[in-house]
Amino acid sequence: MDTLQKKLLLAEDEEILNEMLIDVFEDEGYAVDATSNGVEAWERLNTKDYDILISDLFMPEMNGIDLITKCQAVFPSMKTILLCGGGKDVIATHGKQEVKYLEQEIRIDMFLKKPCDLDELLSTVETLLSN
Amino acid sequence: MMRPLRYILTASEDLAMGRKVTDLPIESKDELGELACSFNKMRLQLEDKERELILSQGRVHHSNKMAALGEMAAGMAHEINSPVQAISLVAQRVQRQLIKNIPAEDIHNSMDKIISSINKISEIIDSLRKVSRNSTDDNFVDTNLIDIVSDITNMTEERFKVNNVHFEIIYHGISQNTIIQCQRLQISQVVINMVNNAYDAIQYDNDKWIKIILSQTGDKILIAVTDSGKGIEDDIVEKLFEPMFTTKDVGKGTGLGLSISREISLKHKGSLYFDPACDNTRFVLEIPIIQNEKQ
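Quantities reported herein were computed from a predicted structural model and do not represent experimental measurements. (Residues numbered from 1 in each chain as written. Chains lettered and ligands numbered in written order. Predicted model: local features only at pLDDT ≥ 70, side-chain atom pairs only at ≥ 80, totals over all residues. Heavy atoms only, no water.)

Draft legend 1. The overall build of chain A, seen in detail. A tally of regular secondary structure across chain A gives four helices and seven strands. Each helix (α) and strand (β) of chain A, taken in turn from the N terminus, gives the series β-α-β-α-β-α-β-β-β-β-α. With 131 residues in all, chain A has 50% of them scored as buried. Counting contacts in chain A only where the partners sit at least 6 residues apart, residues at least 24 apart contribute 61% of the total. (Helix = DSSP H or I, 4+ residues; strand = E, 2+ residues; numbered from the N terminus. Buried < 20%, exposed > 50% of the residue type's maximum accessible area, 1.4 Å probe, protein only. Contact = heavy atoms within 4.5 Å.)

This is how it looks when you write it as structure tokens:
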């Protein structure tokens, strides 16, 4: 797969994690943009084309659920991965597509629980982009 | 007859004023003797009740503190998970780099990120250790305002992020490097208590925010905690600082309590009060920058 054409947007408020994810995906040949909160990510989505959005759940300004929900409504062809460390308001299973958050049922392309395996993260991105 | 009456009168006045009182001598078997005997029994019962009250207050304080730590632990667990994820990703990336023979400098940078993440975890654990120990007898020391703010944010910020509470700290006409003389952990615990009270009040609202505004007036520092609530009823305000008074459900006390927080402010020659002039809900801690003498 020609990964140079694939553009990836990260939304993650933890700086070190953001830097690591940029390094990891650039190693694999993806074009990566990174943001540190949901509002910034939403603005970026509206100014540039992306193939896949990888978002943390708990971020300032706008959380990952709200971001992905807006994204799915306006950019239905974009793939979405939600990363989350857990939390009492989230009911979700690793590697699945259904997430329940505060009584709301949300469908995403993939839910991965932190800390997630790097090979799994990369293979998930590759699989979603090749579908 | 006058002498025994005078003993009883003096002892009663001393008891009412909280002074130490010993048993009255029972010198006769008449009514005066009976009065003295009853007084002695009453004195003992009052002492028992006072001991029970102190123990009970201590238990409530401890229970509230444990509840507060429980709440904060959830936020801290989330906060620790992020650097753990970073360490995990970095280590896995280094394994890949070693296979691909990436330059040593890249691997060195990756190791720096692991060390940084470990330091972050260490900071979080250190904050928890500080807040959970008894700091009542700490010395008054020169303390940088930003260190107090750091104690507060370490214990509260993540919990607010997870619960969609907009949290802001504002330095209004004052440097974050201002030095004040205080018992650092005591003051930090008071402000954490104010912030936790604010959170408890607004957690089920739609638009939730909490602001800490630090400012200076004359020779005093003001730390105002304002939340998005709409104030407090007048009849509740009067009782807020009474020992063991709470508006929260059973098991929901989350901190020192305003009564103890006020005692700490008084120990610092300052004050802690509700600001009725604010449209939202605001509590203010005022303490002098310099204590007259270090204690």
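Draft legend 2. Quick look at the side chain of Asp227(B). Residue and element names in this part refer to chain B. Following the sequence through the fold, Asp-227 ends up in strand S5 (residues 220-227). One buried charge, Asp-227, has no salt-bridge partner; the nearest side chain with opposite charge is Lys-230, at 8.4 Å. Among the polar contacts listed, one links the side chain of Asp-227 to the backbone nitrogen of Gly-229, at a separation of 2.6 Å. Those residues in contact with Asp-227 that sit more than four places away from it in its chain are Ala-198, Ile-202, Trp-209, Ile-210, Asn-280 and Thr-281. (Lys, Arg positive; Asp, Glu negative; His and termini not counted. Salt bridge = Lys/Arg side-chain N within 4 Å of Asp/Glu carboxyl O. Polar contact = N/O pair within 3.5 Å; in protein donor to acceptor, adjacent residues only side chain to side chain.)

Draft legend 3. View of the interface of chain B and chain A. Contacts between the two partners involve 22 residues from chain B, matched on the other side by 26 residues from chain A. Taking both sides of the interface into account, the surface hidden between chain B and chain A amounts to around 2200 Å²; carbon and sulfur atoms contribute 53%. Among the residues of chain B in contact with chain A, Gln85(B), Leu89(B) and Arg93(B) are the three that bury the most area, contributing 27% of the side total. Here chain B is connected to chain A by six salt bridges. Salt-bridge contacts for Asp23(A) lead to Lys113(B); the nearest nitrogen and oxygen are separated by 3.6 Å. Where chain B touches chain A, the interface holds five residue pairs in polar contact (both at pLDDT 80 or more). Sorting the residues of the side of chain B that touches chain A by element identifies helix H2 (31-100), helix H3 (104-132) and helix H4 (145-162) of chain B as the ones contributing at least two each. The biggest single contributor to the side of chain B that touches chain A is H2(B), with 13 residues. (Buried area = accessible area lost by both parts, 1.4 Å probe.)

Draft legend 4. Just the sheet that holds strand S4 (residues 209-217) of chain B, in detail. Residue and element names in this part refer to chain B. Spatially, the five strands line up as an open sheet ordered S2-S4-S5-S7-S6, and their pairing is mixed. A strand with exactly one partner marks an edge of an open sheet, and here the two such strands are strand S2 (166-172) and strand S6 (271-274). The average angle at which neighbouring strand axes cross in this sheet is 15°, direction not considered. Relative to strand S7 (residues 281-288), S5 runs antiparallel, the two being bridged by eight bridges. Residue pairing in the sheet places Lys-220 in a bridge with Pro-288 of S7. Contacts from H4 reach S2, S4 and S5, with the element oriented near 165° to S2. (Pairing = 2+ DSSP bridges. Axes fitted to C-alpha atoms, helices over the stretch in contact; angles between N-to-C directions.)

Draft legend 5. Structural context of the packing of helix H2 (residues 38-45) of chain A against helix H3 (residues 64-74) of chain A. Residues and elements named next belong to chain A. As a packed pair, H2 and H3 sit with axes 10 Å apart at the nearest point and diverge in direction by 15°. On the basis of the axis angle, H2 is roughly parallel to H3. In this structure, the crossing between H2 and H3 has a hand that is right-handed. On H3, the residues that touch Gly-38, Ala-41, Trp-42 and Leu-45 of H2 are Leu-67, Lys-70, Cys-71 and Val-74. When the residues that make up the contact of H2 with H3 are grouped by side-chain class, the tally is six nonpolar, one polar and one charged. (Parallel < 35°, antiparallel > 145°, perpendicular 65-115°, else oblique. Left-handed = near helix turned anticlockwise from the far one by under 90°. Nonpolar A, V, L, I, M, F, W, Y, C, P; charged D, E, K, R; others polar.)

Draft legend 6. Local environment of the pattern of salt bridges. Residue and element names in this part refer to chain B. Enumeration according to the criterion identifies 15 salt bridges over all chains in this entry. The residue Asp-23 makes a salt bridge to Arg-43 at a minimum N-O spacing of 2.6 Å. Of this pair, Asp-23 sits in the loop between helix H1 (2-16) and H2 while Arg-43 sits in helix H2, and the two are 20 residues apart along the sequence. Overall, the relative accessible area of 43% leaves Asp-23 in the partly exposed class. Here Asp-275 and Arg-282 are joined by a salt bridge, their closest N and O atoms 3.5 Å apart. Assessed through its relative accessible area of 17%, Asp-275 is described here as buried. Of the residues examined, Arg-282 reaches a relative accessible area of 22% and is grouped as partly exposed.

Draft legend 7. Region of interest: unusual backbone geometry. Residue and element names in this part refer to chain B. Look at Lys-269: it is not a glycine, yet its phi comes out positive at around 60°. Tracing the sequence through the fold places Lys-269 in the loop between helix H7 (258-267) and S6. Here Lys-269 falls in the partly exposed class, since its relative accessible area comes to 39%.

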